[in-house]
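# Structural characterization, general
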Amino acid sequence: MANEPEHIEERAEQGPPQQAVATDSEGAAGAPDGPPAVRIQGLGKKFGEQVAVNNIDLTLPAGRFIGLVGPNGAGKTTTLSMVTGLLRPDSGVVEIGGHDVWRDPVAVKSRIGVLPEGLRLFERLSGRELLGYTGRLRGLPGAEVDKRAGQLLDVLDLSGAQHKLVVDYSTGMRKKIGLAAALLHNPEILFLDEPFEGVDPVSAQTIRGVLERYTSSGATVIFSSHVMELVESLCDWVAVMAAGRIRADGPLAEVRGAAPTLQDAFLELVGASGRGAGQNLDWLGGGRAR
Ligand SMILES: Nc1ncnc2c1ncn2[C@@H]1O[C@H](COP(=O)(O)OP(=O)(O)OP(=O)(O)O)[C@@H](O)[C@H]1O
């Protein structure tokens, strides 16, 4: 990720140009009785001449396990940063649970949990203190924060490290404490940027279990990943992004289509299926005689 998140309050004040948002509750929203988890219209972001996100429209239904996939530089992090109010778009509208991210930031932020990529944590707090601080910031009563923090630390196998300073946490431990902090207020929608990166298989299994339990209650998870097998086994809804555009989105089976795996469908969608595997590197082969 190359994004340097701007300051959140500053961005909340200076929303992007507003556009009218269609009010239909049909189609990909999938939940006729409520608004979709996320509705994006005309969302765009440029960094200098580099178009990171190219006027995308996307509707993500509530109550699903949703994967946002795409090659390096596709625009996933930029999109998630704008959707969660961490980065100001150049254009477009984002609604979360029917609330405009820029006009109604408090309503939105109380409903979402975010595990951003390149997560910055308060390094000089212990894991336990970090959760205590986050819970109080979220307005939870102290006793409830203590209870939930203890349970999350236990489930995520961090109890033994709860009094260690976050600065001394490993990459995987940082992901797990970040996830605990994002879940503490029991949000309706959880956004996770590469939640499994740097996480060992045992911890990945634990995180999976926590997320599956969370979505089974009707909550929504939206996460970005490069690992197709993971997305295929976890998600029931997928959006494929490449070069700043949405190439396909919908139920997993629909996006996979006739392809044997999501990986095959993905390579086809992003136009990488015919790309050579380094045939030009004819000098490479350290095991052969030179
Ligand atoms: N702060 C920034 N300044 C300049 N360019 C940026 C910045 N953030 C992102 N970009 C560019 O925008 C494009 C999209 O980047 P982004 O990080 O959103 O992609 P991504 O899909 O998350 O990639 P990855 O999977 O590698 O993390 C890339 O070309 C990237 O170089």
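Computed from a prediction, not measured in an experiment: that's the story for all the values here. The residue numbering used here restarts from 1 in each chain and proceeds along that chain's sequence as written. Given that the model is predicted, a residue must reach a pLDDT of at least 70 before its local features are reported, and side-chain atom pairs must reach 80 or more before they are shown or counted; all residues, however, enter totals for whole chains, interfaces and linings.

### Some points on the packing of helix H4 (residues 127-137) against helix H6 (residues 171-183)
Our working definition: For helices, the fitted line uses only the C-alpha atoms of the stretch in contact; every axis is such a line through C-alpha atoms, and the angle between N-to-C directions lies from 0 to 180 degrees. To qualify as a helix, a DSSP run of H or I must reach at least 4 residues; to qualify as a strand, a run of E must reach at least 2; elements of each kind are numbered from the N terminus. Any angle between 65 and 115 degrees counts as roughly perpendicular, while under 35 counts as roughly parallel, over 145 as roughly antiparallel, and the rest as oblique. Two helices cross in a left-handed way if the nearer one is turned anticlockwise from the farther one by less than a right angle. They cross in a right-handed way if the turn is clockwise. A residue pair is marked as a contact if its C-beta atoms, positioned from the backbone, fall within 7 Å.
With their axes 9 Å apart at the nearest point, H4 and H6 run at an angle of 25° to one another. Considering the angle they form, H4 stands roughly parallel to H6. In this structure, H4 crosses over H6, and the sense of that crossing is right-handed. Packed against H4, whose contacting residues are Gly127, Leu130, Leu131 and Thr134, the element H6 presents Ile177, Ala180 and Ala181 at the interface.

### Focus on the sheet that holds strand S10 (residues 245-251)
Keep this limit in mind: Paired strands are those between which DSSP finds at least two bridges.
The mixed open sheet is built from 6 strands, whose spatial order is S6-S7-S8-S3-S9-S10. Each having just a single partner strand, strand S6 (112-115) and S10 make up the two edges of the open sheet. Ignoring strand direction, the axes of neighbouring strands in this sheet form an average angle of 15°.

### Re the UniProt feature "domain: ABC transporter" (unreviewed entry) in the chain
Rules: UniProt positions are given in the numbering used here, feature names are shortened, and annotations may be inferred rather than shown by experiment.
The feature "domain: ABC transporter" (unreviewed entry), as given by UniProt, occupies residues 38-268 in the numbering adopted here. The span residues 38-268 is 38% helical and 27% strand by assignment, and the distance between its end C-alpha atoms comes to 26 Å.

### Brief notes about the pairing of strand S1 (residues 38-47)
Summarising the sheet, S1 and strand S2 (residues 50-60) pair through 7 bridges and their orientation is antiparallel. Opposite leucine 43, over in S2, you have isoleucine 56 as the bridge partner. As consecutive antiparallel partners, S1 and S2 are separated by 2 residues, and within that stretch glycine 48 has a phi angle of approximately 65°, a positive value. Inspection of the sheet shows S1 paired to strand S4 (residues 91-96) by 5 bridges, in the antiparallel sense. Each bridged residue has a counterpart across the sheet, and for valine 38 the counterpart in S4 is isoleucine 96.

### What to know about the sheet that holds strand S5 (residues 99-100)
With antiparallel pairing, the 4 strands of this open sheet are ordered in space as S2-S1-S4-S5. Every interior strand has two partners, whereas the edge strands, S2 and S5, have only one. Pairing geometry for S4 and S5, over 2 bridges, is antiparallel. Within S5, the position partnered with glutamate 95 by the bridge is aspartate 100. Across the sheet, helix H2 (residues 76-83) is in contact with S1, S2 and S4; its angle to S1 comes to roughly 120°.

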